[in-house]
Structure formats: C-alpha cells, structure tokens
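An overview of the molecular structure
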Amino acid sequence: MSDLELLQLAYKHEGSLRKMAETTGKSPATWQTLMNGTYKFNPEKLFKLIHEKYGHLESELVQCPAIGEIHPDVCRKYADAAHEGRNLSDRIYLIVRKHCETCPRGKR
C-alpha cells in the first residue's frame, strides 16, 4: 500500500480532516494540501506520522458493498451503529448504514 493510499484510508477511517488533525496534531489544511498534491514541503514526516497513527489500517481490508475496501474495524463500527440505531456523524456512515443490514459482514 502506498503512502497516499494509506492517507486516503486514514481519511475514510476518521471521516473528516478535522478528526485526522485531532489524532495527529497537524492541521486539517496540512492534510488537505497533502491529499491534493499541493503540499509544498517534503512530505516524508507526514507520511511517517500517518504510518504511526494509522498503520494498523493496512491489514486485511474487507469489501464493503457501498464504498469498496475498508478496514474490518471500520466495518464493525458502522455495522454496530446501524444495528443499534445510532447515528454517527461521519459522512461515510450516511452512505453505508442502509447496506449494513443486508451485508453478510454486517449481519448479526
């Protein structure tokens, strides 16, 4: 998995740049410019930070029928929320919650 793929996966996992910023101590603008390819400095330190904070997401992705490959922990978080009737504030949950009830991985 490339550094940029892990960055995208971290973004999907957190659901927002603000949450990524809280986790990493870097600003949302920093992550946005890195994702857009407009970061003006050497990104190695940022990629190292991404690997430190989100490296666990690289392992064993599962296929979500709504959004594609995601980490099993993310899948479980969304499925649990859907079955418990909780609303999560991230944008991806709005997309996947209807699918969790029919997905074989999301069924209880």
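An account of the accompanying structure is given in this report.

Parameters and conventions
- Residues numbered from 1 in each chain as written.
- Predicted model: local features only at pLDDT ≥ 70, side-chain atom pairs only at ≥ 80, totals over all residues.
- Heavy atoms only, no water.
- Core = buried A, V, L, I, M, F, W, Y, C linked by side-chain atoms within 4.5 Å.
- Buried < 20%, exposed > 50% of the residue type's maximum accessible area, 1.4 Å probe, protein only.
- Helix = DSSP H or I, 4+ residues; strand = E, 2+ residues; numbered from the N terminus.
- Contact = heavy atoms within 4.5 Å.
- Arc of directions from axis to C-beta.
- Phe/Tyr/Trp six-rings, centres within 6.5 Å; stacked < 30°, edge-to-face > 60°.

**Let's talk about the nonpolar core**
- Counting residues in hydrophobic clusters, the biggest one holds 15 residues, and the most contacted among them are Leu6, Leu7, Met20, Trp31, Leu34, Ile50 and Tyr54.
- Counting residues per element, the ones that place at least two in this core are α1 (3–14), α2 (17–24), α3 (28–36) and α4 (44–54).
- When sequence neighbours within four positions are dropped, the list of residues in contact with tryptophan 31 reads Leu7, Leu17, Met20, Ala21, Thr24, Lys26, Leu46, Leu49 and Ile50.
- By size, the runner-up hydrophobic cluster in this structure holds 14 residues, among which are Tyr78, Ala81, Ile92 and Cys100.

**A few points about the environment of glycine 25**
- Following the sequence through the fold, glycine 25 ends up in the loop between α2 and α3.
- Judged by its relative accessible area of 63%, glycine 25 is exposed.
- Spatially, the C-alpha atoms of glycine 25 and asparagine 36 are 19 Å apart, while their sequence positions differ by 11 residues.

**Looking at α3**
- Within α3, the full set of buried residues consists of Thr30, Trp31 and Leu34. Seen along its axis, α3 keeps its buried residues to an arc of 95°; they face one direction.
- Tucked inside the fold, the buried residues of α3 contact α1, α2 and α4.
- Just beyond α3, the residue with positive phi is glycine 37, at close to 80°.

**Remarks on the packing of aromatic side chains**
- On inspection of all chains with the given rule, the structure shows two aromatic pairs.
- Residues tyrosine 39 and phenylalanine 41 carry aromatic rings whose centres are separated by 5.8 Å and whose planes lie at 70° to one another, so their mutual orientation is edge-to-face.
- Residue class for tyrosine 39 comes out partly exposed when judged on its relative accessible area of 26%.
- Taking relative accessible area as the criterion, phenylalanine 41 reaches 61% and is therefore assigned exposed.
- Relative to tyrosine 93, the ring of tyrosine 78 lies with its centre 5.8 Å away and its plane at 40°, an arrangement referred to as tilted. Here tyrosine 78 is found in helix α5 (residues 72–84), whereas its partner tyrosine 93 is found in helix α6 (residues 91–100), with 15 residues between them in sequence.

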